[in-house]
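Take a look at the letters that make up each chain.
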Amino acid sequence: MTGSNQPMLEIRQVSKSFGGLSAVKEVSLSIDKGEIFALLGGSGCGKTTLLRMLAGFESPSKGAIFIDGEDISKVPAHKRPVNMMFQSYALFPHMSVAQNVAFGLKQEKNKLSKPQIAKKVLELLTLVRMQDFAQRKPDQLSGGQRQRVALARSLAKKPKVLLLDEPMGALDKKLRSQMQLEVVDIIESVGVTCVMVTHDQEEAMTMANRISVMHEGEIMQVGTPSEIYEFPNSRHTAEFIGSVNIFDATVTQLEADYTRLSCVDLNAPIQVEAGVNAPLGASLGIAVRPEKITMTQKKPEQSDNWLMGLVEDIAYLGGHSVYYVKLESGKRVMAIGTNNDRHEQKVTWQDRVYLHWSITSSVVLYQ
Amino acid sequence: MGHKVSSLGKTYLTLGFIFLYLPIFILIIFSFNESKLVTVWGGFSTKWYGELLNDKQMLGAAWMSFKIAFLAASIAVVLGALASIVMVRTGQFKGKAAFASMITAPLVMPEVITGLSLLLLFVAMAQTIGWPAGRGMLTILIAHVTFCTAFVTVVVSSRLREMDVSLEEAARDLGAPPWKVFFLVTLPIIAPALISGWLLAFTLSLDDLVIASFVSGPGSTTLPMVVYSSVRLGLSPKINALATIIVLLATTGVLTAWWLARRVESKSIKRPTGDS
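Enquirer: Looking at this model, I keep getting lost on the domain arrangement of chain A. Mind explaining?
Expert: Many structure descriptions define interface size as the accessible area lost when the parts assemble. Residue and element names in this part refer to chain A. Domains assigned within chain A are domain 1 (9-239) and domain 2 (243-365). A C-alpha centroid distance of 39 Å is found between domain 1 and domain 2. If you look at the interface, domain 1 gives nine residues, while domain 2 gives 10 residues. Contact between domain 1 and domain 2 buries roughly 830 Å² in total, counting both sides, with carbon and sulfur atoms accounting for 50%. It is Tyr229, Arg235 and Ala238 in domain 1 that bury the most area against domain 2; as a group they hold 61% of the surface buried on that side. The interface formed by domain 1 and domain 2 holds two salt bridges in total. Between the two partners, domain 1 and domain 2, sit five residue pairs in polar contact (both at pLDDT 80 or more). Of all elements in the fold, only α7 (225-230) and α8 (235-240) reach the threshold of two or more residues within the side of domain 1 that touches domain 2. Looking at the side of domain 1 that touches domain 2 residue by residue, the class counts come to four nonpolar, two polar and three charged.

In C-alpha cells:
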C-alpha cells in the first residue's frame, strides 16, 4: 500500500482491565498507512475499549500504542494525532456547522488566521457536500447530514489515524448502505488511515480493507473480508460472519490428495482437501456455507459430501430462498437456492431433498 | 385526544386559575385603595405607592434583601456548579455517596434547624476566632449561600447528567485541553441550568424569613422581616403596594424568560425535511 514498511498504527500487546475484569487481553495489531481497518465483534468484546485507548480516553493497563513510530501510550487525548467520529456524532449543539468543523483548527498551537480557517472549513464542507449548510445548527440537520458534518470535523486536523465508532449506528437501514459507500469514498479520497469499530459484519465487510474479529477481549482472526468469510479459523468467526453449517466429524482416512472424515449426522462420509493438520481419530469441525451447497431431488452421483433430509422450512427472500433441511439425526442444515426462474417452485415443504457440495467448499475448523 | 377543550375542562381550568390567582388579584386591587383599612374599599388612589417611596426603613430593607439575594445566588451558582461537576464527572472516590447526599441535605432540613444551627455556629466562631465579628449582612449571606447551593446543585447536576459525555470527549479529541473543554463546551451547554439555578436561588434568598431572622443582627433587616413585623403590628396598605410591585417584577421576569426561550425554539423549528 505504501513504500515505507513502517506501519502507521501499531498496537503492541495491549491489555486493559477495569477493576480486575479484563476487557482487552494482549492485543497486537499492525495497520498500514491508508488502510481502512475494522474491529468487529459483539457487544462487550472489547472493541470499543480498544478504540478508546487509541483515542486516549482510556489508558492501557499493559502494552504500548505506536502511531507513525512514536509511542503515544502516555500522550493525553488532546495532544494525539488522532481524531474520532463518535457514534452519537457529538456535534456541539450550541455551535453552527461551520463552527463545529472549525473547532479543531482553532485549538492548534500554530493557529491559522481567520480567513485561512474559513477557507479550510469551506473546503471540508464541500468535501462532504455540506457547504450550503454552514450556518445551520446541528439540530436543524437530518441524521445523514449530521454524520457528514461529524466526518468533516474529524478530518479537519488531518489526523494520522481516523477513528470511527459505530459509524452507521445512528442511521436507519436504507440510509446506512448509501452512507457506507459515501464515507469510504471520502476517507479514500483523503487517504487517511482509519480504524472503525462495528458490530455489524455487513458494514465491516463493505467498508474495511481488513477486519479483525474480536471475542471476549481477544483477537480471533485478522484478514481481508473474503479471507475471513471463506477461511474462518474458528467456530466463533465462522458463526459470527454470515451463516454456516458446522458438522462435527472424526478423521478416518488421511491420503496424499484428500482427507476423509465421518460424521454421525450424515449418511455419507465427508471429504476435504489434503493438508489437515490432525491425526487419525481427531475430532474436527467442518464448516460449509449455505450458498456452497447444491440442492437436488435426485440422489447425487458423488459418493462423499452429500446428505439427505426433509425440507422443514423455506424462507423466501426474493432474490434467493433459504431452505432448512432436517436430517434423520434431527440436525438442521441450511442451503441457499437462487430464484432464477419466476415460475419455478419445485421444492416445497416436507419434500425429500439431497444436498451436496464439492471437496473445495468446506473449511476445517480446529477450535 | 381532540384539541378542543370540553366545557367541563374549561370549568376546571377557570376554577384552577381563580384558586391560584384570585388572592393576588385582590391584593393588587387593594393596593390602589384610598382607605387606611386594608379590607374596606374607599375609592381609587395611588397614595400608598407614594408613601412606600418615603418609607426609608422599607426601602432600605428591600435594597438589603436584593443585595443579599444577588450575592447569595451568584456564589451559590459557582459552588453548586463545582459540586455538580465533582458529583457527576469525576470517577469514584471515597465518600462520594456521603458527599452527594450531604450537599443536598439542606433541601429537606427544616429551616428552623438550619437557622438555629447556623446561629450557634456564628456565635461560637465569633467567640473563638473573632470572625464573623457580629451578626449582620455577612452572616445572612453565608446562611443563604449554604441552602441556595443545595438547590443549585440539584438543578445543575441533573442537567450535567443529561449531557452527552461524548461532547466533552469530542472537544478533547479535537485538541482542547481540559479547562478549554469546560469553558467552550460544558459551560455553554449547562448555561440554561446555571441561569435557572441562579433565579431559583435568588428567589429563595429574597423570600427567606426564618433563617434570616436567626442569623441577622441589628441594622441588617431584610424585606421579609420588615413585612412580617409590620403585619404583626397591623396591616398597612403599603404592604399591598409593595407586593404589587414585586408581583409586577416577577411577572416581567417570567415573561422575558418565556419570550427568550420561545425565540430560541422558533429559530430551531425551521428544520429541513429529509436528506439532501
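Let's pick the thread back up.
Enquirer: Any chance you could explain the packing of helix α3 (residues 56-88) of chain B against helix α4 (residues 96-103) of chain B here in plain terms?
Expert: When two helices pack together, you describe them by how their axes are tilted relative to each other and by the distance separating the axes. Residues and elements named next belong to chain B. Where α3 contacts α4, the axes come no closer than 10 Å and their chain directions differ by 145°. Of the two elements, α3 crosses α4, and the hand of that crossing is left-handed. Counting all contacts with α3, which are made through Ala83, Val86 and Met87, the residues of α4 involved are Lys96, Phe99, Ala100 and Ile103. When grouped by side-chain class, the residues that make up the contact of α3 with α4 number six nonpolar, no polar and one charged.

Enquirer: Can you help me understand the interface of chain A and chain B in this one?
Expert: Each partner contributes to the interface: chain A provides 33 residues, whereas chain B provides 26 residues. The junction of chain A with chain B conceals about 2400 Å² of combined surface from both sides, 54% of it contributed by carbon and sulfur atoms. The largest per-residue losses of area from chain A upon contact with chain B belong to His78, Gln107 and Gln140 of chain A, which jointly make up 23% of the total buried on that side. Where chain A packs against chain B, one counts one salt bridge. For Glu169 of chain B, the salt bridge identified is with Arg52 of chain A, shortest N-O distance 2.6 Å.

Enquirer: Please explain unusual backbone geometry as it appears in this structure.
Expert: One can expect most non-glycine residues to show negative phi and most peptide bonds to be in trans. The omega torsion across Trp131 of chain B and Pro132 of chain B is -5°, close enough to zero to call that bond cis. Among the structural elements, Pro132 of chain B can be located in the loop between α5 (111-128) and α6 (137-162). Residues other than glycine seldom take positive phi values, yet Tyr89 of chain A does so here, at roughly 70°. With respect to the secondary-structure elements, Tyr89 of chain A resides in the loop between β6 (82-85) and α2 (97-106).

Enquirer: Just checking my understanding: could you explain empty space enclosed by the protein for this structure?
Expert: Take a probe with the size of a water molecule and roll it over the atoms, and the empty space left behind shows itself. Residues and elements named next belong to chain A. All told, the structure shown has one cavity of 30 Å³ or more when counted by the stated rule. Taken as a whole, the largest cavity encloses approximately 30 Å³ of empty space. Take the lining of the largest cavity: its biggest share by element is three residues, from helix α4 (residues 143-155). A per-class count over the lining of the largest cavity returns five nonpolar, one polar and two charged.

What counts, and at which threshold
Residues numbered from 1 in each chain as written. Chains lettered and ligands numbered in written order. Predicted model: local features only at pLDDT ≥ 70, side-chain atom pairs only at ≥ 80, totals over all residues. Heavy atoms only, no water. Domains from an automatic or database assignment. Contact = heavy atoms within 4.5 Å. Buried area = accessible area lost by both parts, 1.4 Å probe. Salt bridge = Lys/Arg side-chain N within 4 Å of Asp/Glu carboxyl O. Polar contact = N/O pair within 3.5 Å; in protein donor to acceptor, adjacent residues only side chain to side chain. Helix = DSSP H or I, 4+ residues; strand = E, 2+ residues; numbered from the N terminus. Nonpolar A, V, L, I, M, F, W, Y, C, P; charged D, E, K, R; others polar. Axes fitted to C-alpha atoms, helices over the stretch in contact; angles between N-to-C directions. Left-handed = near helix turned anticlockwise from the far one by under 90°. 1 Å grid on protein atoms, 1.4 Å probe; cavity = no way out; pocket = protein on both sides within 12 Å on 5 of 7 lines; lining within 4 Å. Points joined across faces, edges and corners; volume = space filled by probe spheres on them.

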